[in-house]
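A closer look at the structure
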Amino acid sequence: MILQKLKIIIKQYFRIWWIPILCYLIPFTIFVIGNTLKSDNVIDLSLLIFFLNILGNLISSIIQVVIRKWYFIIPQIGISIFLYYSVSIYFLFSPPDYYAANKTIPKNIEIAIPIEKEPTKTELKKYDLILSSSFQPGIYNYYTAKKPTELGNFYIKAFEINSNDKLSEERIKISSKIKVENIESKIYSGEFTIYEGSWGDKYAARIELWFEPSNKNKDYKIAERNYLIEGWMR
């Protein structure tokens, strides 16, 4: 009985031209729910259903031609194309990112807050790695007065504390590199961006300072500190 009803529903979906169009309300409703719950998984589900419904509209359009109601493919294809490009532009320029929305900040460990200015020499004597916030949340400057013992590059690695997820793995090493051309005592500074998360959704991350020797020897860690950070909104 249930299977028979399901067959009728599927048949109506493909043969009645306006049903696939009306079904676009389903993924958009799920998207609104995902935004309300701040859940990337629910938003991903809405996108999956949206693209499946585009496929359903295309199949229904072919059926309209077969049953000699070809004129119905105009609203089906037209609305599908419009929604496809609208959704694509939205997710390209302003994609929702709730990576950090439901993260728990541990209370049993020390977590520093990025300072809002350049660190003093006294602060750099106490810590080998200090972060400062930049002009936008998610963009950070880092400082170290650690004297290198060889030529190479300083760079940053970042990990979300609870899951140990590596943050911005593909970009952060390149953007945070500081080239050491002379072995001397001075303050080294660089910049990097955390892309996971959005403005206002703060979470805890382990920021590590690494060194890459120019002689191709193995990279090694110099220092690490836990910081309260947030992601940059693209």
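These lines cover the structure that appears in this document, whether it is placed above or below. The residue numbers shown here count from 1 along each chain, following its written sequence. In keeping with the model being predicted, local features are shown solely for residues with a pLDDT of at least 70 and side-chain atom pairs are shown and tallied solely at 80 or more, while totals for entire chains, interfaces and linings include all residues. Note that water and hydrogens are dropped before the side-chain values are worked out from all heavy atoms of the structure.

Time to look at the side chain of serine 39. A helix here means a DSSP run of H or I that spans at least four residues, while a strand means a run of E at least two residues long, and both kinds are numbered starting from the N terminus. Among the secondary structure elements, serine 39 is positioned in the loop between α3 (25-37) and α4 (40-66). N or O atoms closer than or at 3.5 Å make up a polar contact, with two conditions inside protein: a donor-capable atom paired with an acceptor-capable one, and, for residues adjacent in sequence, both atoms drawn from side chains. From its side chain, serine 39 meets the backbone nitrogen of valine 42 in a polar contact 3.3 Å long. Whether two residues are in contact is decided by their heavy atoms: any pair within 4.5 Å suffices. Beyond its immediate chain neighbours, meaning those up to four positions away, serine 39 contacts Gly34 and Tyr98.

Angle between the axes and distance between the axes are the two parameters that describe a pair of packed helices. Every angle, taken between N-to-C directions, lies between 0 and 180 degrees, and every axis is a line fitted to C-alpha atoms, over only the stretch in contact when it is a helix. It is at 9 Å that the axes of α4 and helix α5 (residues 73-93) come closest, and there the two elements cross at 160°. The orientation of α4 relative to α5 falls into the category roughly antiparallel. Crossing of α4 against α5: the hand is left-handed. Between α4 and α5, the contacting residues are Ile43, Leu47, Phe50, Phe51, Ile54, Asn57, Leu58, Ser60, Ser61, Gln64 and Val65 on the first element and Ile73, Gln76, Ile77, Ser80, Leu83, Tyr84, Val87 and Phe91 on the second. Note on residue categories: nonpolar means Ala, Val, Leu, Ile, Met, Phe, Trp, Tyr, Cys or Pro, charged means Asp, Glu, Lys or Arg, and polar means any other residue, Gly included. Taken together, the residues that form the contact of α4 with α5 break down as 13 nonpolar, six polar and no charged. An angle below 35 degrees is read as roughly parallel, one above 145 as roughly antiparallel, one from 65 to 115 as roughly perpendicular, and any other as oblique. Crossing chirality is assigned from the near helix's rotation relative to the far helix, an anticlockwise turn below a right angle marking it left-handed and a clockwise turn marking it right-handed.

With that settled, consider the sheet that holds strand β1 (residues 130-133). Here we have three strands laid out as an open sheet, ordered β1-β2-β5, and antiparallel in their pairing. A strand with exactly one partner marks an edge of an open sheet, and here the two such strands are β1 and β5 (188-193). Averaged over neighbouring strand pairs, the angle between their axes works out to 30° when direction is ignored. Note on pairing: DSSP must find at least two bridges between two strands before they are called paired. Where β1 lies against strand β2 (residues 139-144), four bridges are found, and the strand directions are antiparallel. What sits directly across from serine 132, in β2, is asparagine 141.

Here the focus is the packing of aromatic side chains. Two aromatic rings from Phe, Tyr or Trp, using only the six-membered ring of Trp, form a pair when their centres are within 6.5 Å; if the ring planes differ by under 30 degrees the pair is stacked, by over 60 it is edge-to-face, and anything between is tilted. Per the counting criterion, the structure on display carries 19 aromatic pairs. Ring centres of tyrosine 13 and phenylalanine 14 lie 4.9 Å apart, and the angle between their planes is 90°; this geometry places the pair in the edge-to-face category. The interplanar angle of 55° and the centroid separation of 5.2 Å between the aromatic rings of phenylalanine 154 and tyrosine 188 together place this pair among those described as tilted. With a gap of 34 residues between them, phenylalanine 154 in strand β3 (residues 152-160) and tyrosine 188 in strand β5 connect regions that are remote in the sequence. Exposure categories follow from relative accessible area, calculated using a 1.4 Å probe and restricted to protein chains: below 20% of the type maximum is buried, above 50% is exposed, and the middle band is partly exposed. The class for phenylalanine 154 is buried, based on a relative accessible area of 0%. Owing to a relative accessible area of 3%, tyrosine 188 belongs among the buried residues under this scheme.

On to helix α1 (residues 2-15), then. Its 14 residues place the ends of α1 20 Å apart at the C-alpha level, agreeing with the 20 Å of an ideal helix rising 1.5 Å per residue. With one of 14 residues buried, α1 is to be regarded as a mostly surface element. Multiplying 1.5 Å by the helix residue count minus one yields the expected span of that helix.

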